[in-house]
Amino acid sequence: MGDLGIAFVASELAPYAKVGGLGDVASSLPAFLHRKGHDVRVFVPLYSRIYDHANDFYPVDFAQGTTVRLAGEDISFDLYTRPAGEGEPALYFVHCPRFFQRDGIYTGDPDEHLRFAFLSLAVLASCQRMGWGPQIVHCNDWQTGLLPLYLKTLFSWDSLFQRTKTVYTIHNIGYQGVVGSDAVEGLQLGQYRHLLHQGDLGEGRVNFMKTAILYADVLTTVSPTYAREIQDHQGMGLQDLLRSRSQSVVGILNGVDYEEWSPEKDPHIPHPYSRDDLEGKFENREVLLEKLGLQPAEDAPVVGIVSRLASQKGFELLFEAMPWFLTNHDMRLAVLGSGEPRLEGFFQSLQGRYPGKACYFRGYNEDLAHLIEAGSDIFLMPSKYEPCGLNQMYSLRYGTVPVVRNTGGLADTVQQYNPETRLGTGFLFDHYTSEGVGWALGFAMRVFVRRAEWRDLMRNGMSQDFSWERQGNKYIELYRRLCA
Ligand code: ADP
């Protein structure tokens, strides 16, 4: 039975407020820990988008009007919760309209750093109100980067936290939370300047993620390969610091919530199917094509993409490769995502140039994300870097063969298919070039026409198990080691 008290702090939480994989993990990892009997309490901001649908939320009566000091002011917040559903951990929402009643989860507003520094302070203040000294505070990404330092400074007087250790998970090193050093006073760190990274301060900056790397008790990231890469060529300036703490850097692959992502019971798709009965997959394929206005395609592969459209995701490699494939191959392309205008423009232009063959749906759409997973034959993720990636793991379960770059979590979850042995689950390419992605996509398409072989390949992927039941115990072992 579990005995650990764990405060899990994140800026996203599926299904309430999700931008990418962090939202999924913030919901599924705590759920796993809760199933194992631990006292997990998840803390997220009460964003407008949550507040507007928060029908069954109620205020935690002993945590109303709590104030924390930030930006030289006493700022008040109320803590909300909701009745925990079956198998759900306790969820706590920090209600502070000044910071969180805005459009969107992330904003480009000048006080973005204060919004999330506030979250860190509010979580610690909430623990005090609860009289709860968790053994572990598990922080995630830059938004929670100051929490370990706040615990060691502003909150060090409180014996409640005497035994509390911090775990800091890097979900994406590409977003570090860097602000000018004139923010130090406002972040309530004026008297602790000497504890901030002196090189950065000298150059007029404060880096939230770097601060966490300095002060968290353990650093984790979301796949073993990414743990190596961020101490090397993917460190984005943090590699030396991470290497200096290499004994404390651990890579633990994210798990998949198969309650949410299984073709047998997915409420978002019209035709359930399984490894032993693939018929529904082909029906979903027809539904997908019709829904997106694509021509029926008995023999042509359907290539799916669901993604944030950020440079990290490698879609610039398709600028040359994809028009070539659409011109020279009978194929369909279904793309869902939004982000950088140049990438949106590219997919939009493909749709214009190849009507009936390519469709781009701009935006965020949970139903369509599931339908693309279920209705596509190939799932494309040519990422420049990929800390873990969840979509390729979903694809494997949905029999949608991943074509991915050999990096980060993609390298840890997709095994190169070998036609001779018929082993492997997908197609990986090494070189970050259009030739690289073209080679892997071409390889996949050549195997696709050998239908019996392709079905075996689909089944290879569908048999993989990336559940939290398999990976989650590594977090529990880590917490225990820390507390020992
Ligand atoms: P990242 O966290 O870098 O965005 P991941 O592959 O780890 O990438 O996770 C992405 C998650 O976000 C998946 O659950 C994916 O289905 C979802 N997602 C991304 N873009 C969209 C979108 N436009 N509509 C619906 N879901 C999306």
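Computed from a prediction, not measured in an experiment: that's the story for all the values here.

Chemist: Would you mind showing me how to read the packing of aromatic side chains here?
Modeler: Aromatic rings considered in pairs are described by the distance between their centres and by the relative angle of their planes. According to the stated counting rule, one finds 30 aromatic pairs in the structure shown. A ring pair is formed by Phe57 and Phe93, whose centres lie 4.6 Å apart and whose planes are at 40°; its orientation type is tilted. Of this pair, Phe57 sits in the loop between helix 2 (48–51) and strand 3 (58–59) while Phe93 is found in strand 6 (residues 90–95), placing the two residues 36 residues apart along the sequence. Residues Trp324 and Phe325 carry aromatic rings whose centres are separated by 5.1 Å and whose planes lie at 90° to one another, so their mutual orientation is edge-to-face. Trp324 sits in the partly exposed class, given a relative accessible area of 48%. Aromatic rings pair up to connect Tyr47, Phe77, Phe99, Phe100, Tyr106, Phe116, Phe118, Trp142 and Phe208 into one cluster. The ring centre of Trp132 lies 3.8 Å from the NZ or CZ of Arg41, which sits over that ring. Positioned above the aromatic ring of Tyr258 is the side chain of Arg397, whose terminal nitrogen or guanidinium carbon lies 3.8 Å from the ring centre.

Chemist: Help me out: how do you make sense of the packing of helix 11 (residues 318–328) against helix 16 (residues 434–448) in this one?
Modeler: Two measures define how a pair of helices packs: the angle their axes make with one another and the distance between the axes. Relative orientation of the contacting elements helix 11 and helix 16 amounts to 30°, with a least axis distance of 8 Å. In terms of orientation, helix 11 lies roughly parallel with respect to helix 16. Here helix 11 and helix 16 pass one another in a crossing that is right-handed. For the pair helix 11 and helix 16, the contacting residues are Leu318, Glu320, Ala321, Met322 and Phe325 in the first and Ser434, Val437, Gly438, Leu441, Gly442 and Met445 in the second. Partitioning the contact of helix 11 with helix 16 into residue classes produces 7 nonpolar, 3 polar and 1 charged.

Analysis parameters
Residues numbered from 1 in each chain as written. Predicted model: local features only at pLDDT ≥ 70, side-chain atom pairs only at ≥ 80, totals over all residues. Heavy atoms only, no water. Phe/Tyr/Trp six-rings, centres within 6.5 Å; stacked < 30°, edge-to-face > 60°. Helix = DSSP H or I, 4+ residues; strand = E, 2+ residues; numbered from the N terminus. Buried < 20%, exposed > 50% of the residue type's maximum accessible area, 1.4 Å probe, protein only. Lys NZ or Arg CZ within 6 Å of the ring centre and 35° of its normal. Axes fitted to C-alpha atoms, helices over the stretch in contact; angles between N-to-C directions. Parallel < 35°, antiparallel > 145°, perpendicular 65-115°, else oblique. Left-handed = near helix turned anticlockwise from the far one by under 90°. Contact = heavy atoms within 4.5 Å. Nonpolar A, V, L, I, M, F, W, Y, C, P; charged D, E, K, R; others polar.

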